[in-house]
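Report on the structure
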Amino acid sequence: QVQLVESGGGLVQAGGSLRVSCAAAGRTFSSYAMGWFRQAPGKEREFVAGITSGGSTAYGDSVKGRFSISRDNVKNTVYLQMNSLKPEDTAVYYCAARGAGSYNIARANEYPYWGQGTQVTVSS
């Protein structure tokens, strides 16, 4: 069982930057793959970024080159650095975790553990 708590959301102007964090409670954080997803009102949940236990990363097409995912296995935390933010990045951002195995890092239903979400609002 993994408990995830996101933080760092807020209001930022277009073109600005924001970093959101996800702290995990659990002794095996380093073995988990971690993902960031987002959901805007009236839209489906969208893959943003993922990082494997080995540090390999993947990004959604809409954020490539602007967002960066990283993890700190000492602090049991995964980060999402968001640069060059656009109004269309406005959404609730969710952190997710899954254990080892064969999986598609970009598929939300591959992750059994989810945080409560943090709101990111980008003003134009």
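Further up the page is the structure itself.
A brief structural summary. All of these numbers come straight from a predicted model, not from anything done at the bench.

**Some details on the pairing of strand β4 (residues 33-39)**
Of all seven residues that make up β4, six are buried, and the element is covered over most of its length. Bridge count for β4 against strand β9 (residues 91-98) is seven bridges, and the pairing is antiparallel. Counterpart to F37 in the pairing with β9 is Y94. Pairing between β4 and strand β5 (residues 46-51): five bridges, direction antiparallel. The residue bridging F37 from the neighbouring strand is F47, located in β5.

**Topic: the sheet that holds strand β8 (residues 77-82)**
The four strands are arranged β1-β3-β8-β7 in an open sheet whose pairing can be described as antiparallel. Strands at the two margins of the open sheet, each flanked by one partner only, are β1 (3-7) and β7 (67-72). Here the strands of the sheet are splayed against their neighbours by 15° on average, with no regard to which way each runs. Bridge analysis of strand β3 (residues 18-25) against β8 gives six bridges, and the strand direction is antiparallel. Opposite L18, over in β8, you have M82 as the bridge partner.

**Notes on the side chain of R66**
You can see R66 is positioned in the loop between β6 (57-59) and β7. For R66, the side chain forms a polar contact with the side chain of D89, separated by 2.8 Å. With residues up to four places along the chain from it excluded, the contact list for R66 reads Q81, M82, N83, S84, L85, K86 and D89.

Definitions and cut-offs
- Residues numbered from 1 in each chain as written.
- Predicted model: local features only at pLDDT ≥ 70, side-chain atom pairs only at ≥ 80, totals over all residues.
- Heavy atoms only, no water.
- Buried < 20%, exposed > 50% of the residue type's maximum accessible area, 1.4 Å probe, protein only.
- Helix = DSSP H or I, 4+ residues; strand = E, 2+ residues; numbered from the N terminus.
- Pairing = 2+ DSSP bridges.
- Axes fitted to C-alpha atoms, helices over the stretch in contact; angles between N-to-C directions.
- Polar contact = N/O pair within 3.5 Å; in protein donor to acceptor, adjacent residues only side chain to side chain.
- Contact = heavy atoms within 4.5 Å.

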